[in-house]
Structures are given as C-alpha cells and as structure tokens.
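Take a look at the letters that make up each chain.
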Amino acid sequence: MTFLGTGYLGATYAICFAELGYEVIGFDVDEAKIAKLAGGEVPFHEAGLDELLRKNLASGRLRFSTDYAEVAEFGDVHFICVGTPQRADGMGADLRYVEAAVSGLARHLTRKALIVGKSTVPVGTAEWVEQLVAKHAPSELGVEVAWSPEFLQEGHAVEDVLRPNRIVVGVRSEWAAAMLDAAHEGVVTLAATEDREVPVVVTDFATAELVKVAANAFLATKISFINAMAEVCEAAGGDVTNLARAIGYDPRIGNRFLRAGLGFGGGCLPKDIRAFQARAQELGAGEALRFLHEVDLINQRRRSRVVRLAADMLDRGYGPAGPELAGARVAVLGATFKPDSDDVRDSPALAVAATLGKAGADVRVYDPQGIDNARRALPDVTYEATMADAVRGADLVCVLTEWAEFRTADPAALGELVSGRRVIDGRNCLEAAEWIRAGWQYRGMGRPDGEA
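Residues numbered from 1 in each chain as written. Predicted model: local features only at pLDDT ≥ 70, side-chain atom pairs only at ≥ 80, totals over all residues. Heavy atoms only, no water.

> For this particular structure, what's the right way to read the overall build of the protein chain?
Across its full length, the protein chain carries 19 helices and 16 strands. Whereas a compact globule of 452 residues would reach a radius of gyration of roughly 22 Å, the protein chain reaches 24 Å, a difference of no more than 12%. Referenced to the eigenvectors of the C-alpha coordinate spread, the extents of the protein chain come out at roughly 75 × 50 × 45 Å. Taking all contacts inside the protein chain whose residues are at least 6 apart in sequence as the whole, residues at least 24 apart take part in 71%. For the protein chain, the exposed surface amounts to about 19500 Å²; the carbon and sulfur share of it is 51%. (Helix = DSSP H or I, 4+ residues; strand = E, 2+ residues; numbered from the N terminus. Rg over C-alpha atoms; globule rule 2.2 N^0.38 Å. Contact = heavy atoms within 4.5 Å. Areas by Shrake-Rupley, 256 points an atom, 1.4 Å probe, with all protein chains shown as cover.)

Here it is as structure tokens:
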C-alpha cells in the first residue's frame with residue numbers, strides 16, 4: 001500500500017502500517033522531506049515514531065519516493081493523506097493538494113487499484129475524487145474510490161494508528177470493502193492478540209466524510225462550553241475546575257475535554273469547524289451549524305482573556321487598542337498548541353505571546369519541543385533554551401501549554417529567579433495552593449484570584 005502526503009498524517013500511517021507488516025511506500029512531492037524520512041529522521045515530534053521509522057526502513061518493508069509512477073506501480077491501495085488547510089479567501093477547505101495527489105497518481109495507474117481518502121474534507125469530496133479519477137485514469141482499469149477518515153491525536157498518534165478506537169470506511173462496492181478489510185487486517189489481528197475488538201463502521205461516502213468533522217465539531221463545542229462556563233465563573237466568583245469536576249461525574253457528560261483554559265488550536269479543530277460551517281452553508285444547511293460560529297468566538301476570547309489578566313496583574317491599563325506593557329518582562333512557558341508535540345499551527349500560546357510582544361512587553365518564550373517551529377512562525381520575540389532562562393528576571397510568568405515540565409515545576413525555586421512572583425495558569429494545570437504558599441500571586445482561567 002502507499003500513503004500520498006508525508007506530513008503528520010501520512011508519515012505516521014506509513015510508518016505504523018509498515019510496523020504492522022505491510023509493504024509500504026510513502027510519497028511526497030517535497031524532496032527534502034522525503035530525503036529526511038528515507039534517512040531515518042521524522043520531520044516532526046511524535047513520541048516513539050523515530051524508532052519505528054528506523055526499524056522499518058531497516059526491515060525493507062518501508063521506503064519513500066517522489067515518483068508517482070513508482071507509487072502507481074507498487075500499490076494496490078493508495079491512501080490520500082495530504083493537507084486540507086483553510087482557504088485564504090474564506091472559511092472553506094483548500095482541496096488543491098487532494099486534487100494534485102489524485103490526478104498525479106491516477107494518470108500513472110496501469111491496473112485496477114483503490115484510492116482511499118484519509119484527509120479531512122468537506123462532504124461531497126469523495127464523489128469529486130471519483131470524477132478526477134475518471135478524467136485521469138484509463139476507464140478500462142476500473143479504478144475505485146473509498147473514504148476512511150483518520151482520528152489521530154497528536155502526542156498519541158502511534159497508538160491511534162496501531163490501536164484505533166474505531167475504523168470507518170465509506171465504500172460503493174463489495175470489492176472496495178474487501179480491499180479495505182485486507183488493508184486493516186494487521187490492525188484487527190493485533191487487537192485479537194491483545195483480546196480487544198475494533199469496531200468497524202461500513203457506510204456511504206457522505207457519512208464517512210462527515211464522521212471526522214462531526215467528531216471535531218463536538219470536541220470543539222465541549223471545550224468551548226467549559227470555557228464559556230469559565231467566563232461565567234469569572235463574573236460570578238465561581239471555580240470552573242470544581243464545576244467541571246462535578247458535571248463530569250455525570251456519565252452522560254463525562255470529564256474528558258472539560259478542562260477550561262486557553263482554548264483549542266492546532267492544524268485540525270479550528271480550520272475543520274470553519275470548513276464544516278462553510279460546506280453546510282453551500283448545502284443549504286448553514287443554520288444547523290450556526291452554533292459553531294459561537295464556539296469559535298468563545299475559543300478566541302480565551303486568548304484575549306490572558307492578555308487582560310496580564311495587564312491587570314502588572315497594574316497596566318487596558319485601552320481600546322489593548323494594554324501598554326512597555327518595560328515589562330513576561331515569561332511565556334509553552335509555544336505548541338498542546339504538550340507532547342512540536343506543532344505550533346494556530347497555537348493559542350503563540351498567539352498570546354505575539355499579542356504581549358505587540359503590546360510592548362519583553363517576551364521570553366520556552367518550549368521543550370516547539371522552539372524551532374515557533375521561531376519560524378513568530379520571530380519577533382526572544383526564545384530561551386531552558387525554563388530557568390525564560391523566567392529569570394520576569395515580572396510575570398504565563399503557563400500556556402501544559403507540558404509536564406511546567407506542571408511539576410518547583411514554584412519556590414522559580415520564585416528565586418523572577419523579579420515578581422506573578423503567574424497566569426492559562427491551562428489550569430498547576431497546583432494553585434502550592435504556588436500561593438510559595439508566595440506567588442496566582443490567576444487561573446475561571447478560578448478565584450489567589451495571593452499569598
């Protein structure tokens with residue numbers, strides 16, 4: 001099998017499916033990326049993936065290519081794993097990379113094959129891909145299309161591929177269903193050896209496409225709901241962490257994704273809920289997803305809230321143009337959108353750092369994995385090599401990504417390094433009582449103010 005697109009999605013799947021015993025080619029038009037992967041180096045951070053890459057390159061089951069003809073000749077099942085970013089001129093998804101991958105592959109096919117979409121796309125894309133295949137592949141080959149969405153969580157992606165909590169396939173024929181059964185046999189076999197079952201949902205194209213965006217929309221809504229409750233708690237004097245714990249005991253609600261804080265970011269949730277709204281509008285069902293606009297607005301407001309808290313803790317005014325923070329040194333701990341990743345796409349932490357910098361603050365950023373990517377995305381702040389370097393001399397410390405290194409930091413030791421013991425817990429991940437006992441003025445998100 002082949003995986004077209006070796007970004008986060010495609011590279012992870014290619015490596016893990018080779019680990020499951022399949023013969024795999026990973027394809028990309030980016031020669032530098034392919035050279036890096038072929039040399040045994042994963043071009044992003046994901047725990048455990050480097051070791052699996054080197055192991056499967058050595059076994060001969062895995063290789064990488066920039067040649068469409070080689071990929072077409074090699075594979076019976078081709079997974080499309082390219083990016084679908086937000087369009088520059090609107091909220092919809094940009095499908096240019098899907099079109100390029102499908103067209104480039106289809107025109108080189110010489111036998112019947114199955115092209116399977118994995119990228120997150122607007123509903124209706126699979127039928128459009130069928131039209132692309134009909135246009136570029138010889139009709140006598142009978143090339144078919146299917147859709148099987150991915151459900152990877154950055155930081156847990158290897159487990160999510162090897163041990164998925166479900167497999168969803170959208171197919172039009174028994175042959176396509178049988179090919180996808182064979183493609184997932186390794187996953188099912190592994191589950192059987194571990195006495196697990198992997199639910200498989202076989203459905204139509206539209207439903208398969210909708211599953212991923214519906215799941216992301218639900219998660220985004222749940223995150224924004226608890227952040228909306230944080231806004232109410234801030235106004236009423238409540239504590240959103242206890243509120244979340246209490247409602248999380250209700251089995252109808254559950255406690256996952258109920259941690260109030262800075263909001264969601266990354267390369268999926270923000271652009272996916274916007275593309276979902278745009279597609280629903282095109283289909284005449286825009287009113288059904290109108291609530292997602294408010295979900296997006298709540299999420300964006302949490303970033304502004306941190307900046308307001310910073311101005312308040314530093315005794316600076318907050319005018320129509322924002323705060324004036326000239327002369328203040330602010331340590332920002334965290335640049336990635338979540339821990340255990342080096343991904344800074346639409347990172348709330350980096351967005352806050354940028355706003356603080358524009359307000360005149362001397363911003364010092366530290367992140368365990370994301371500094372290189374952050375420096376490319378936001379070159380106008382200072383990056384430090386260690387947490388101690390970042391907080392040294394700071395008037396305010398902002399914890400904006402919940403890395404374990406920050407959660408377990410010694411507040412007394414850090415207090416000896418700063419100029420002012422003020423901390424904003426943008427992820428509600430710190431033990432507030434410990435920081436307050438160590439003499440810090442503590443502010444969380446949707447939590448009562450705390451001082452020593």
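> I tried to follow the packing of helix α1 (residues 8–19) against helix α3 (residues 49–59) on my own but got confused; where do I start?
Angle between the axes and distance between the axes are the two parameters that describe a pair of packed helices. Remark: α1 packs on α3, axes separated minimally by 9 Å, with the N-to-C direction vectors making an angle of 55°. Classified by the angle between their axes, α1 and α3 sit oblique to one another. Helix-helix and strand crossings are classified by hand; for α1 and α3 the assignment is left-handed. In contact with Thr12, Ile15, Cys16, Ala18 and Glu19 of α1, α3 contributes Leu49, Leu52, Leu53, Lys55 and Asn56. Of the residues contributing to the contact of α1 with α3, the split by class is six nonpolar, two polar and two charged. (Axes fitted to C-alpha atoms, helices over the stretch in contact; angles between N-to-C directions. Parallel < 35°, antiparallel > 145°, perpendicular 65-115°, else oblique. Left-handed = near helix turned anticlockwise from the far one by under 90°. Nonpolar A, V, L, I, M, F, W, Y, C, P; charged D, E, K, R; others polar.)

> Help me understand the pairing of strand β4 (residues 77–80) in this model?
Across a regular strand the side chains alternate sides, sitting on one face of the sheet and then on the other. Burial of β4 is two-sided: the residues Val77 and Phe79 facing one way and the residues His78 and Ile80 facing the other way are all buried. Sheet analysis places strand β1 (residues 2–4) next to β4, joined by three bridges and oriented parallel. In the strand pairing of β4, Thr2 is matched with His78. Examined bridge by bridge, β4 and strand β5 (residues 114–117) share four bridges and lie parallel to one another. Paired with Ile80 across the two strands is Gly117, which belongs to β5. With respect to chirality, the unit in which β4 leads through helix α5 (residues 96–106) into the neighbouring parallel β5 is right-handed. (Buried < 20%, exposed > 50% of the residue type's maximum accessible area, 1.4 Å probe, protein only. Pairing = 2+ DSSP bridges. Right-handed = clockwise from strand over helix to strand, strands pointing away.)

> Just checking my understanding: could you explain the nonpolar core for this structure?
Across soluble globular proteins, you tend to see nonpolar side chains buried next to one another. Ranked by size, the top nonpolar core spans 55 residues in total, and within it Leu333, Leu356 and Val397 carry the most contacts. The biggest single contributor to this core is helix α14 (residues 348–358), with six residues. Once residues lying within four places of it in the same chain are set aside, the contact partners of Val397 are Ala331, Leu333, Val391, Val418, Arg422, Val423, Ile424 and Trp440. Ala14, Leu152, Ile167 and Val169 belong to the second largest nonpolar core, which has 44 residues in total. (Core = buried A, V, L, I, M, F, W, Y, C linked by side-chain atoms within 4.5 Å.)

> Please explain the packing of helix α13 (residues 291–313) against α14 as it appears in this structure.
Put simply, α13 and α14 touch, their axes get as near as 9 Å, and they point 45° apart. Taken together, the axis directions place α13 and α14 in an arrangement best described as oblique. Viewed along their axes, α13 and α14 form a crossing whose handedness is right-handed. Two secondary-structure elements touch here, α13 through Arg303, Val306, Val307 and Ala310 and α14 through Pro348, Ala351, Val352, Thr355 and Leu356.

> Where do I start with α13 in this structure?
In an α-helix there are 3.6 residues to a turn, and that puts residues three or four apart on one side. An ideal rise of 1.5 Å per residue puts 33 Å on 23 residues; α13 measures up with 33 Å between its terminal C-alpha atoms. Positive backbone phi, approximately 55°, marks Asp315, located one or two places after α13. (Expected span 1.5 Å × (residues − 1).)

> Looking at this model, I keep getting lost on the sheet that holds strand β11 (residues 329–333). Mind explaining?
One open sheet accounts for six strands, arranged β13-β12-β11-β14-β15-β16; its pairing is parallel. Looking along the sheet, the strands with just one partner apiece sit at the ends: β13 (382–383) and β16 (441–444). By the bridge criterion, three bridges tie strand β14 (residues 396–399) to strand β15 (residues 422–425) in an arrangement that is parallel. Residue pairing for β15: Val399 is matched across the bridge by Asp425.

> Would you take a moment to explain unusual backbone geometry for this structure?
Trans peptide bonds make up most of the peptide bonds, and negative phi angles are found at most residues other than glycine. One non-glycine residue with positive phi stands out, namely Asp315, at about 55°. Locating Asp315 in the fold gives a position in the loop between α13 and β9 (318–319). For Asp315, a relative accessible area of 69% translates into the label exposed. Of note, Asp340 is a non-glycine position whose phi angle comes to about 60°, a positive value. Residue position: Asp340 is located in the loop between β11 and α14.

> Please clarify how the pairing of β5 should be interpreted in this entry.
Residues Leu114 and Val116 line one face of β5 and the alternating positions Ile115 and Gly117 line the opposite face, and both faces are buried. Taken together, β5, helix α6 (residues 125–136) and strand β6 (residues 144–147) form a β-α-β motif whose crossover is right-handed.

> Got a minute to help me understand the environment of Leu378 in this structure?
Assignment of secondary structure puts Leu378 in the loop between α15 (371–377) and β13. In this structure Leu378 comes out as buried when scored by relative accessible area, which is 11%. The spatial distance from the C-alpha of Leu378 to the C-alpha of Ala335 is 9.9 Å, given a sequence separation of 43 residues. The contacts of Leu378, once residues within four sequence positions are left out, are Leu350, Ala353, Ala354 and Tyr383.

> Hey, could you run me through the packing of aromatic side chains in this one?
Evaluation of the coordinates by the stated rule reveals 10 aromatic pairs. Geometrically, the ring pair formed by Phe17 and Phe79 is tilted, given 6.4 Å between the ring centres and 55° between the ring planes. Of this pair, Phe17 sits in helix α1 while Phe79 sits in strand β4, placing them 62 residues apart in sequence. Look at Phe17 and you get buried, because its relative accessible area is 1%. On the numbers, 5.0 Å between centres and 70° between planes, the contact of Trp435 with Trp440 is edge-to-face. Each member of the pair, Trp435 as well as Trp440, is classed as buried. Geometry around Trp175 places Lys112 over its ring, the cationic atom sitting 4.1 Å from the centre. (Phe/Tyr/Trp six-rings, centres within 6.5 Å; stacked < 30°, edge-to-face > 60°. Lys NZ or Arg CZ within 6 Å of the ring centre and 35° of its normal.)

> How do you make sense of the pattern of salt bridges when you look at a structure like this?
Between side chains of opposite charge, pairing is possible as soon as their charged atoms come close. Scanning the model with the defined rule gives 35 salt bridges in all. Glu150 is paired through a salt bridge with Lys212; the nearest N and O atoms lie 2.7 Å apart. In this pair, Glu150 is assigned in the loop between β6 and α7 (157–162) and Lys212 in helix α10 (residues 205–236), connecting sequence segments 62 residues apart. In this structure, Glu150 and Lys212 share a single accessibility class: buried. In this structure, the salt-bridge partner of Arg447 is Asp239, at a minimum N-O distance of 3.7 Å. Linking Arg447 in the segment after β16 with Asp239 in the loop between α10 and α11 (240–248), this pair joins segments that are 208 residues apart in sequence. Of the residues examined, Asp239 reaches a relative accessible area of 22% and is grouped as partly exposed. (Salt bridge = Lys/Arg side-chain N within 4 Å of Asp/Glu carboxyl O.)

Take it as geometry only, folks, not as evidence of what the structure does.
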